[in-house]
Amino acid sequence: MNVFKGFRTQVLALLDGMVAAGELPAGLDTARVTVEPPREASHGDMSTNAAMVLAGQAGTSPRQLAPKLARCLETLPDVLAAEVAGPGFVNVRFAPGFWQAQVAEVLRAGLAYGTSTVGAGRRVNIEYVSANPTGPLHAAHARGAVIGDALANLLEKAGFVVTREYYINDAGSQVETLGRSAFLRYREALGEEIGEIPAGLYPGEYLKEVGRALADRDAGRWRDEPESTWLPVLRDFAIDRIMIGIREDLAALGIGITVFSSERALVAGGAVQAAFEALTARGLVYQGVLEPPKGKKPDDWEPRPQTLFRATDFGDDVDRPLRKSDGSWTYFANDIAYHLDKYRRGFTVLIDVLGADHGGYVKRMQAATTAITGGEAALDVKICQLVHLMDHGKPVKMSKRAGTFVTLRDVIDQVGRDVVRFIMLTRRNDQTLEFDFAKVTEQSKDNPVFYVQYCHARCRSVLRHAAQNLPAAALTPGALAAAPLDRLAEPEELALIRVLAAWPRLVEAAAEAHEAHRVAFYLYDLAAAFHGLWNKGKDDTTLRFLAADDPALTAARLALVLAVATVVASGLAVIGVEPVEEMRS
RNA sequence: GCGCCCGUAGCUCAACUGGAUAGAGCAUCUGACUACGAAUCAGAAGGCUGGGAGUUCGAAUCUCUCCGGGCGCGCCA
């Protein structure tokens, strides 16, 4: 239960009452009325902008309207005081009991605390990773994988029905190159000396295994055949082998892709032709000649008529080609068909998580999605900026040519899956991210993974201590929820409860914004509030959780501790990280 | 040249989609370890939110224009 949203409905009800009493005109637009925690804690518990939003419509001023609303708010049972502040905010203070009750809410809900229904069962398709099946996943893929996966978790928690999808680009020239490269390794596996890998083919060592596997299966069957015979076989064989490895790597990172879509199958099924015809029927396809790109003109540029999609009608900068000069479809045309396919499978909310090099692709794909679905589906594209791999502050050298690039598997093996997942969410997706092997495994407060995990471990530690003196039955969530929570009266305790109570609101806001990183930042804030209270107990022993001479107080504080552990675990579940019981030394 | 993203404390980053006096963490300075684990915490100091103009009750956020960085720019995917 989002307490802020709950209070907003109460505010709206009071406004209706003011309308009925003739204090406000009817027909006010309350859509922009918000209830938020004030930035400054001293301003109170919640703040509403209602007077400022409505004053104009009501023909009065915020400072005149606000006091009237404040008086109404003070009639509510949980409200201690409502004050007008600044340009017309109404700040509300709640009775401690209002917050204390939230602890019991957390314990009753358990890990489901924060689960919301704002998604209302709407179906969302989120496509992520979608790395070309020409080699193993490398370190940079981790970011898109985690952002997509965490966003999927987040949206599910917010009440959306989510499909997690991986688009296999198995149709273009790159997989042909893969087939040729694999053929070379196949011949090598049969004992041939292949020498240097020619330019234009993939040199990676990982293809040796592919070549060997095919040699084991088919022996010399393809060696002396023409390319037209072996290429499809080698290509498909290599794709299958590489996709097996990719799936294993994703599993190692805990990425739960549910649907793998094949570009080749899509094309073979006539989907591109169908999408093309749909666009044509809408009058959005024509033959035309594009201007050359200014400033950076390709050497072989020559004006030529092309089959173009009217992307500029939908906000793109130029119209985009759908066919290559040899008559085959462009990647863009295939992708239009793919997005139409998603729409036809019932999704109206589409999210693509793409790498930084796809930045220039966003507008055209959004234009195409709007066009092909008649505006019924909306595409949001999350661009992941680069990840700079570092070690002890120095860049990790990588060279694709020398085959020394860092694979995703390397990273997972070195620092662990939980660390990878958490760190990838410690920056907004459109901000570059530094990933330092030394720093992310450091056991200090500089390391947010550690800091948050340490919070959970401390909570569990307290509960373990309590278990030495109390029967297990007294420590269940149900028993603790029944503790005298009104004993949680210290300012720091109430402040901590406010942070807990912000979790459901954060889930909703982050889900609507499609921003999973906010969960990581929230967890950091929650951990900070808890560590602060913990340390207060160092100076002031009356603040300690376990009060030997006061069982009732102890029970109330243990309820709070368990609630903190629960919300931390709930948040980590969205990120896809396992909460730890204790820190290993 | 055009488009997209970014520019916030010395450094690394937030800021709840337009809210109040822009917040954290490092680093710096001051203080707290016979402990429910100090692997932490409290306090101080640090800002013309790259510059300028506009929109309105109100702008880091929206518009325009410069400056600086990243990514991309017809038959690669």
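Residues numbered from 1 in each chain as written. Chains lettered and ligands numbered in written order. Predicted model: local features only at pLDDT ≥ 70, side-chain atom pairs only at ≥ 80, totals over all residues. Heavy atoms only, no water.

What to know about the overall build of chain A
For the record, the criterion: Helix and strand labels come from DSSP, where a helix needs a run of H or I of at least four residues and a strand needs a run of E of at least two; each type is numbered from the N terminus. Relative accessibility under 20% of the residue-type maximum defines a buried residue, over 50% an exposed one, and the middle range a partly exposed one, all with a 1.4 Å probe and only protein chains included. In this description, accessible areas are obtained by the Shrake-Rupley approach with a 1.4 Å probe, and a residue is regarded as covered only by the protein chains that are shown.
Of regular secondary structure, chain A possesses 21 helices and 15 strands. Taking the principal axes of the C-alpha coordinates as reference, chain A spans close to 85 × 65 × 40 Å. Counting over 585 residues, chain A shows a buried share of 50%. Of the roughly 26800 Å² of accessible surface on chain A, 51% is carried by carbon and sulfur atoms.

Quick word on the side chain of Asp 319
The line we're drawing: Positive charges come from Lys and Arg alone, negative charges from Asp and Glu alone, with His and the N- and C-terminal ends not counted. The term salt bridge refers to a side-chain nitrogen of Lys or Arg lying within 4 Å of a carboxyl oxygen of Asp or Glu. Definition of a polar contact: a pair of N or O atoms within 3.5 Å, with one able to donate and the other able to accept a hydrogen when the atoms are protein atoms, and with sequence-neighbouring residues admitted only if both atoms are side-chain atoms. Contact between two residues is taken to exist if any of their heavy atoms lie within 4.5 Å; hydrogens are not considered.
The residue Asp 319 is located in the loop between β9 (305-309) and β10 (320-321) in this model. Although Asp 319 is buried, it makes no salt bridge; Arg 310 carries the closest opposite charge, 4.9 Å away. Within polar-contact distance, the side chain of Asp 319 engages the side chain of Thr 312 at 2.7 Å. Every residue in contact with Asp 319, bar those within four places of it in the chain, is listed here: Tyr 286, Leu 290, Leu 308, Phe 309, Arg 310, Ala 311 and Thr 312.

Focus on the packing of aromatic side chains
To keep it simple, the criterion reads: Here the aromatic set is Phe, Tyr and Trp, taking the six-membered ring for Trp, and pairing holds for ring centres within 6.5 Å; pairs whose planes are under 30 degrees apart are stacked, those over 60 apart are edge-to-face, and all others are tilted. Two limits define a charge over a ring: the Lys NZ or Arg CZ must be within 6 Å of the ring centre, and within 35 degrees of the ring normal.
As enumerated under the stated definition, the model contains 20 aromatic pairs in all. Look at Phe 94 and Phe 98: their rings are 4.2 Å apart centre to centre, the planes differ by 15°, and that puts the pair in the stacked class. Judged by its relative accessible area of 14%, Phe 98 falls in the buried class. Judged by centre distance (6.2 Å) and plane angle (15°), the rings of Phe 309 and Phe 314 are stacked. For Phe 314, a relative accessible area of 32% corresponds to the partly exposed category. Taken together, the aromatic side chains of Phe 309, Phe 314, Tyr 331, Phe 332 and Tyr 361 make up a single cluster linked through ring pairs. Here Arg 247 stacks its cationic end above the ring of Phe 260, 3.8 Å away from the centre of that ring.

Thoughts on the nonpolar core
General note: in soluble globular proteins, nonpolar side chains tend to be found buried as a group. This is how the line gets drawn: Here, nonpolar core refers to any group of buried Ala, Val, Leu, Ile, Met, Phe, Trp, Tyr and Cys residues whose side-chain atoms link them within 4.5 Å. Note: domain ranges come from an automatic or database domain assignment.
Counting residues in each nonpolar core, the largest one holds 154 residues, and the members touching the most others are Phe 7, Leu 73 and Phe 435. Considering every element that reaches this core, the biggest residue donor is helix α21 (residues 551-575), with 14 residues. Looking at which domains feed residues into this core, each of domain 1 (3-94) and domain 2 (100-116 + 444-575) gives three or more. Discounting residues that sit within four places of it in the chain, Leu 73 has contacts with Phe 7, Val 11, Leu 14, Val 79, Ala 82, Val 90 and Val 92. Leu 279, Leu 284, Leu 354 and Val 381 belong to the second largest nonpolar core, which has 32 residues in total.

A word on the domain arrangement of chain A
What counts is decided by this rule: Two parts lose some accessible area (1.4 Å probe) when they are put together, and adding that loss for both gives the buried area. Any residue that is not Ala, Val, Leu, Ile, Met, Phe, Trp, Tyr, Cys, Pro, Asp, Glu, Lys or Arg is counted as polar, Gly included; the first ten are nonpolar and the last four charged.
Segmenting chain A into domains produces domain 1 (3-94) and domain 2 (100-116 + 444-575). Counting residues at the interface gives 7 residues for domain 1, matched by 6 residues for domain 2. Overall, the association of domain 1 and domain 2 removes approximately 510 Å² of surface from exposure, summing both partners, and the carbon and sulfur fraction of that is 49%. Where domain 1 meets domain 2, there are 2 salt bridges. Across the pair Glu 508 and Lys 5 runs a salt bridge whose closest N-O atoms are separated by 3.1 Å. At the level of secondary structure, the elements contributing two or more residues to the side of domain 1 that touches domain 2 comprise α1 (3-20) and β1 (35-36). The element that contributes the greatest number of residues to the side of domain 1 that touches domain 2 is α1, accounting for 3 residues. Considering only residue class, the side of domain 1 that touches domain 2 consists of 4 nonpolar, no polar and 3 charged.

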